[in-house]
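Residue strings, one per chain:
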Amino acid sequence: MQLPPLGLYIHLPWCERKCPYCDFNSHEISDIPEDHYIRTLLQDLHNDLPMIQGRTVETLFIGGGTPSLFSAKAIRKLMRGIASLVPLAPSLEATMEANPGSADAGKFCAFKEAGINRLSIGIQSFDDDQLRALGRVHTSDQAYAAIDFAREAGFASFNLDLMHGLPAQTLNSAEQDLFMAIACMPSHLSWYQLTIEPNTVFHNRPPQLPAEDALADIQQRGEQLLADNGYSQYEVSAYSREGFDCRHNSNYWAFGDYLGIG
C-alpha cells in the first residue's frame, strides 16, 4: 500500500506582543531560549520517527508565534537537525512565517541559505491606524520593507497575510488595502476576515466591526479584484498566481498526513 504524502509542521510559540484577536498557542517573551527549544524540537521529531514510516517529507511549515524572532543561527540548526533525522524531498516546500517587525535583509538572506524557500509575511493591513487597532508591532513602512527584503533575499515564492472586516472598515478602505497588497505582486495572498474568538482580548472588549451586509460586499468586491489580477482561489482564504499554491496547506485540505512538533 502506498502511503500518502507527508508534511511537517514546526511550532515556534513566542511573540514580541500577543495580538488582541489571536487565539493561537502564542506567548509574549523578551528572551527566547533558542538552543534549548531547538534541541527539544529535534528530540520531539526523533521520538516520532516510527510514525513517519520511512516516508519523505514533501512540505515543511514553520509557524507560530513569530518564527522570524528566532535568529538565523537557530533556524539553520533546526533545518540541519531535521535533515539529519528525516528524508527531505528534493522539491521540498519549506515555508516560514515572518513578521515585518522582526524582519531585516540579512536575516531573510540567512533564512534562505538555511533552506527556507517560501515566506509567509504577516502584513494584516497597510493602514497604520488599523495596525494600531489590531495591536500589531509593525508599521506600513515596515511591511513594505519586509516585502523588499524578501525579494532581495531571492524568495520567488512568498505569501502576504491580509485581513478584512477590520474595526470601522468601509468597503472602499478594504478594497484599497487589498489593492495595495496586490500592487506588491506577491505570488500568494491569504485574505481572510477578522473573527472574534473566545479567550482573546477582542472577545472581552469587542471592537465595532462592519455589519454583515458590508462584510458581504467586501468579500464580493475583494474576490473580484483578486480574480481580475490573476489570483485564483484554491481554498477558503487562499489565493495564488498559477503554480504558487501552498502545497503544505493544500495537503491539510486534502486530508493528507502531517506531523506536528513543538
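Quick caveat, the model's predicted, so the values are computed rather than measured. (Residues numbered from 1 in each chain as written. Predicted model: local features only at pLDDT ≥ 70, side-chain atom pairs only at ≥ 80, totals over all residues. Heavy atoms only, no water.)

J.: Account for the pairing of strand S4 (residues 57–64), with residues named and values stated.
T.: With seven of eight residues buried, S4 lies mostly within the body of the structure. As judged from the seven bridges shared by strand S1 (residues 6–12) and S4, these two strands associate in the parallel manner. Across the sheet, Gly-7 pairs through a bridge with Thr-59, a residue of S4. Summarising the sheet, S4 and strand S5 (residues 88–98) pair through five bridges and their orientation is parallel. Of the residues in S5, the one forming a bridge with Ile-62 is Met-96. Where the polypeptide runs from S4 across helix H3 (residues 72–85) and back to S5, its parallel neighbour, the crossover connection is right-handed. (Buried < 20%, exposed > 50% of the residue type's maximum accessible area, 1.4 Å probe, protein only. Helix = DSSP H or I, 4+ residues; strand = E, 2+ residues; numbered from the N terminus. Pairing = 2+ DSSP bridges. Right-handed = clockwise from strand over helix to strand, strands pointing away.)

J.: Pulling in residues and values, what's your account of empty space enclosed by the protein?
T.: Scanning all chains against the criterion turns up one cavity of 30 Å³ or more. If you add up the space inside the largest cavity, you get close to 40 Å³. Every residue along the wall of the largest cavity is listed here: Leu-171, Ala-174, Glu-175, Leu-178, Trp-191, Ile-218, Arg-221 and Gly-222. Contributing elements (two or more residues each) for the lining of the largest cavity: helix H7 (171–183) and helix H9 (212–228). Take the lining of the largest cavity: its biggest share by element is four residues, from H7. Of the residues contributing to the lining of the largest cavity, the split by class is five nonpolar, one polar and two charged. (1 Å grid on protein atoms, 1.4 Å probe; cavity = no way out; pocket = protein on both sides within 12 Å on 5 of 7 lines; lining within 4 Å. Points joined across faces, edges and corners; volume = space filled by probe spheres on them. Nonpolar A, V, L, I, M, F, W, Y, C, P; charged D, E, K, R; others polar.)

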